[in-house]
There are 2 protein chains.
Amino acid sequence: MSDAVDGTLLIIGGAEDKQGECRILKEFIRLTEARGGGIVIMTAATQYPEKVSSEYINIFKRLGADKVLSLDISSRRQAQRPETKEIILSAGGIFFTGGDQLRITGILGGTAADWALHEAYRRGTVIAGTSAGASVMSATMIVGGDNDSPPQQSTISMGPGMGLVRGVVIDQHFAQRGRLGRLVAAVAQQPATLGIGLDEDTAVVINSKGEMRVLGSQTVTIVDCYGCEHTNISEAEPRQPLALTEIKVHILPQGYGFDLQERRPILKDEDEAQ
Amino acid sequence: MSDAVDGTLLIIGGAEDKQGECRILKEFIRLTEARGGGIVIMTAATQYPEKVSSEYINIFKRLGADKVLSLDISSRRQAQRPETKEIILSAGGIFFTGGDQLRITGILGGTAADWALHEAYRRGTVIAGTSAGASVMSATMIVGGDNDSPPQQSTISMGPGMGLVRGVVIDQHFAQRGRLGRLVAAVAQQPATLGIGLDEDTAVVINSKGEMRVLGSQTVTIVDCYGCEHTNISEAEPRQPLALTEIKVHILPQGYGFDLQERRPILKDEDEAQ
């Protein structure tokens, strides 16, 4: 977790409901309104910023959001502009769309926009991201990898993310694309890192205390290799399947949560009791 | 585990290599030869017994097997015949092909062939099964379910299997079809049951002591809910995603094993040391 931040993260496993109840997008609006300030849509991940931003602008307006604008940053030069920085700093909530996570980090990484994003988050802005926008949240992110595959080092490619949440690796479209293998392969490289597998139309809200709660129609799978007793990762060839024993897994639907500091699930009743 | 048996089980996650090294099929031949007696191919699972049996007869002969015949049982009447029983009892190794697991149980269940199969296994015959032939091995089997889905009760259908191995539920094509969700849903119903997810071209050999070892190019995923601290299974609606905390998972490639009695992984070195 980032230290001393006031912001909230809303990390979405992709394909969030945009027609029905729109539970997740409504929660983003609610969190943003509670914070104060408008919504800024960040389309850096996609090659089709106009199409994607107009889609989200329409949805957020339909769902009752007041101020919505899109910031279509498609170059590092643009990411360095003072106006860009100001828009980010004055946002109540920032929403990263899907696309390619490397576009987000490649365009924003180390720029004024990147700085502003962290500063806004520190001050209390809500930062949301779906699909690629979810993956980039962590310090080290999954760039790509095989779906429906057992864990192998060759099936996963990782790189530095935006670092809004530390100590975790996030994967999206998790159950829908059979990504247990690649998340395990990611976490096995550094068992102190917690794996968070987000199903489609499912999100986690992470508050400034590192408490996470689940929202949406599917589940969040937590893969905790902290207590793993054995792995062959250092001796395995890249295409050789990995061995890991004593992985701890939690499967959490809406209403459940997870304490990232204590590495323990928060049960539904427990949460209600608080 | 069945008690007081001398036989060996070879349970295969489907799509075993039939062209290259054929590690798994060769192991079946080796185990059968060590037992003594010929190979009997059981095609009850498939609607195309001639095609499937001639394919396996050709492969086993190419790989050097001496006596190979196929027993294409396609009706309960045929499964009751004394000749059928005799062929099963005199086999060194019996190989169940893929297809539909309900065809195997529906055609063989409670017949003379079913009795003979258990008796042969008790006496020391090697019983192998791939795909549907793998699923039927357990006392309660997965009949069907959704791939690439989070665990929900509605995504899984189960029924009584052939009961050659107790206390486990077996799923096949595991990583390749994203079946963590359905295996977890199966095991959650009765946490004393151990989930065994077999990848394609991957098998487990289970000896009479309940020790399992892994063979093949991918992995075996053990899902152990024995120590689960919380589940919502009794209150969840059928289509509602399940919650489960503290699931223990082991991912085991070739060379690793698992002790079904002690519920603990057997490491590669440990195995070599024995």
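Up top is the structure these notes are about.
(A) Layout of the overall build of chain A. Of the regular secondary structure elements, chain A holds 9 helices and 16 strands. The C-alpha radius of gyration of chain A comes to 18 Å, within 12% of the 19 Å expected for a compact globule of 274 residues. If one aligns the C-alpha atoms of chain A with their principal axes, the spans along those axes are about 50 × 45 × 35 Å. Counted over contacts in chain A with a minimum sequence separation of 6, partners at least 24 positions apart contribute 73%. Summed over all atoms, the accessible surface of chain A reaches about 10400 Å², with 45% contributed by carbon and sulfur. Of the charged side chains in chain A, 27 are positive and 34 negative; the average position of the first set lies 6 Å away from that of the second.

(B) Here's a closer look at the interface of chain A and chain B. Contacts between the two partners involve 32 residues from chain A, matched on the other side by 32 residues from chain B. Taking both partners together, chain A and chain B bury about 2700 Å²; carbon and sulfur atoms supply 61% of that area. Inspection of the region where chain A meets chain B yields 2 salt bridges. A:Glu246 is the salt-bridge partner of B:Lys248, the closest N and O atoms lying 3.5 Å from each other.

(C) Structural view of the environment of A:Glu235. Residues and elements named next belong to chain A. Mapped onto the elements of the fold, Glu235 is located in the loop between β13 (230-231) and β14 (244-253). A residue is classified by how much of its surface remains accessible, and Glu235, at 52% relative accessible area, is exposed. In this structure the side chain of Glu235 is engaged in a polar contact, spanning 3.0 Å, whose partner is the side chain of Ser234.

(D) The packing of aromatic side chains, seen in detail. Scanning the entire structure with this criterion turns up 10 aromatic pairs over all chains. Taken together, a centroid distance of 5.4 Å and an interplanar angle of 75° make the contact between A:Phe60 and A:Phe95 edge-to-face. Taken together, the residues span a long stretch of sequence, with A:Phe60 in helix α2 (residues 49-62) and A:Phe95 in strand β4 (residues 93-96) at a distance of 35 residues. Overall, A:Phe60 belongs to the buried group, its relative accessible area being 0%. Ring geometry for B:Phe28 against B:Phe95: centres 5.4 Å apart, planes inclined by 65°, an arrangement best described as edge-to-face. A residue pair is termed long-range when its members are at least 10 positions apart, and B:Phe28 in helix α1 (residues 23-35) and B:Phe95 in strand β4 (residues 93-96) qualify at 67 residues. With respect to class, B:Phe28 is no different from B:Phe95; both count as buried. Here the aromatic cluster, defined as three or more aromatic residues joined through ring pairs, consists of A:Phe28, A:Tyr56, A:Phe60 and A:Phe95.

(E) Representation of helix α8 (residues 180-188) of chain A in the model. Across the 9 residues of α8(A), 9 count as buried, placing the element largely inside the fold. Of the positions making up α8(A), those classed as buried are A:Leu180, A:Gly181, A:Arg182, A:Leu183, A:Val184, A:Ala185, A:Ala186, A:Val187 and A:Ala188.

(F) Examining the relation of the copies chain A and chain B more closely. For these two chains of identical sequence, chain A goes onto chain B by a turn of 180° and a shift of 0.0 Å along the axis, with RMSD 0.0 Å. Such a combination of rotation and displacement between the chain copies is what one expects of a two-fold axis. Proximity to the rotation axis, assessed at the C-alpha, singles out A:Gly178 in chain A; its C-alpha lies 2.0 Å from the axis. Both copies present the same face, since 100% of the interface residues in chain A are matched by interface residues at the equivalent positions in chain B.

(G) Quick peek at the environment of B:Leu102. Residues and elements named next belong to chain B. Positionally, Leu102 belongs in helix α5 (residues 101-108). Residue Leu102 is classed as partly exposed on the basis of its relative accessible area, which comes to 44%. When the C-alpha atoms of Leu102 and Ala44 are compared, they prove to be 9.5 Å apart, with 58 residues separating the residues in sequence. Setting aside anything within four residues of it in sequence, one finds Leu102 in contact with Met141 and Val143.

(H) Spatial organisation of unusual backbone geometry. Its identity is not glycine, yet A:Cys22 carries a phi of approximately 50°, on the positive side. By the element assignment, A:Cys22 lies in the loop between β1 (8-12) and α1 (23-35). Given a relative accessible area of 0%, A:Cys22 falls into the buried group. At B:Ala15, a position not held by glycine, the phi torsion is positive, near 50°. Topologically, B:Ala15 is positioned in the loop between β1 (8-12) and α1.

(I) Seen up close, helix α4 (residues 82-90) of chain A. Residues and elements named next belong to chain A. Within α4, burial applies to Thr84, Ile88 and Leu89. An end-on view of α4 places all buried positions within 130° of arc, on one side of the element. Turned more than 90 degrees off the buried face of α4, the exposed positions are Pro82 and Ser90. Its buried side turned inward, α4 meets β2 (39-42), β3 (68-71), α3 (76-79), β4 and α6 (112-123).

(J) Local environment of the sheet that holds strand β2 (residues 39-42) of chain B. All names here are of chain B. The mixed open sheet is built from 9 strands, whose spatial order is β3-β2-β4-β5-β1-β10-β11-β15-β16. Looking at the sheet topology across the chains shown, the edges are occupied by β3 (68-71) and β16 (264-266). Averaged over all pairs of adjacent strands, the angle between strand axes in this sheet comes to 20°, irrespective of strand direction. Relative to β16, strand β15 (residues 257-259) runs antiparallel, the two sharing 3 bridges. If you follow Gly257 over to β16, its bridge partner there is Ile266. This element, helix α4 (residues 82-90), spans β2, β3 and β4 of the sheet and lies at about 140° to β3.

(K) Seen up close, the pattern of salt bridges. The final tally for this structure, using the stated rule, is 20 salt bridges over all chains. Here B:Glu21 ties to B:Arg23 by a salt bridge, and the two come within 3.3 Å at their closest N and O atoms. Of the residues examined, B:Arg23 reaches a relative accessible area of 31% and is grouped as partly exposed. Linked through salt bridges whose partners overlap, the residues forming this network are A:Glu27, A:Arg30 and A:Arg213.

Conventions we followed
Residues numbered from 1 in each chain as written. Chains lettered and ligands numbered in written order. Predicted model: local features only at pLDDT ≥ 70, side-chain atom pairs only at ≥ 80, totals over all residues. Heavy atoms only, no water. Helix = DSSP H or I, 4+ residues; strand = E, 2+ residues; numbered from the N terminus. Rg over C-alpha atoms; globule rule 2.2 N^0.38 Å. Contact = heavy atoms within 4.5 Å. Areas by Shrake-Rupley, 256 points an atom, 1.4 Å probe, with all protein chains shown as cover. Lys, Arg positive; Asp, Glu negative; His and termini not counted. Charge placed at Lys NZ, Arg CZ, Asp CG, Glu CD. Buried area = accessible area lost by both parts, 1.4 Å probe. Salt bridge = Lys/Arg side-chain N within 4 Å of Asp/Glu carboxyl O. Buried < 20%, exposed > 50% of the residue type's maximum accessible area, 1.4 Å probe, protein only. Polar contact = N/O pair within 3.5 Å; in protein donor to acceptor, adjacent residues only side chain to side chain. Phe/Tyr/Trp six-rings, centres within 6.5 Å; stacked < 30°, edge-to-face > 60°. Least-squares fit on C-alpha atoms with pLDDT ≥ 70 in both. Arc of directions from axis to C-beta. Pairing = 2+ DSSP bridges. Axes fitted to C-alpha atoms, helices over the stretch in contact; angles between N-to-C directions.

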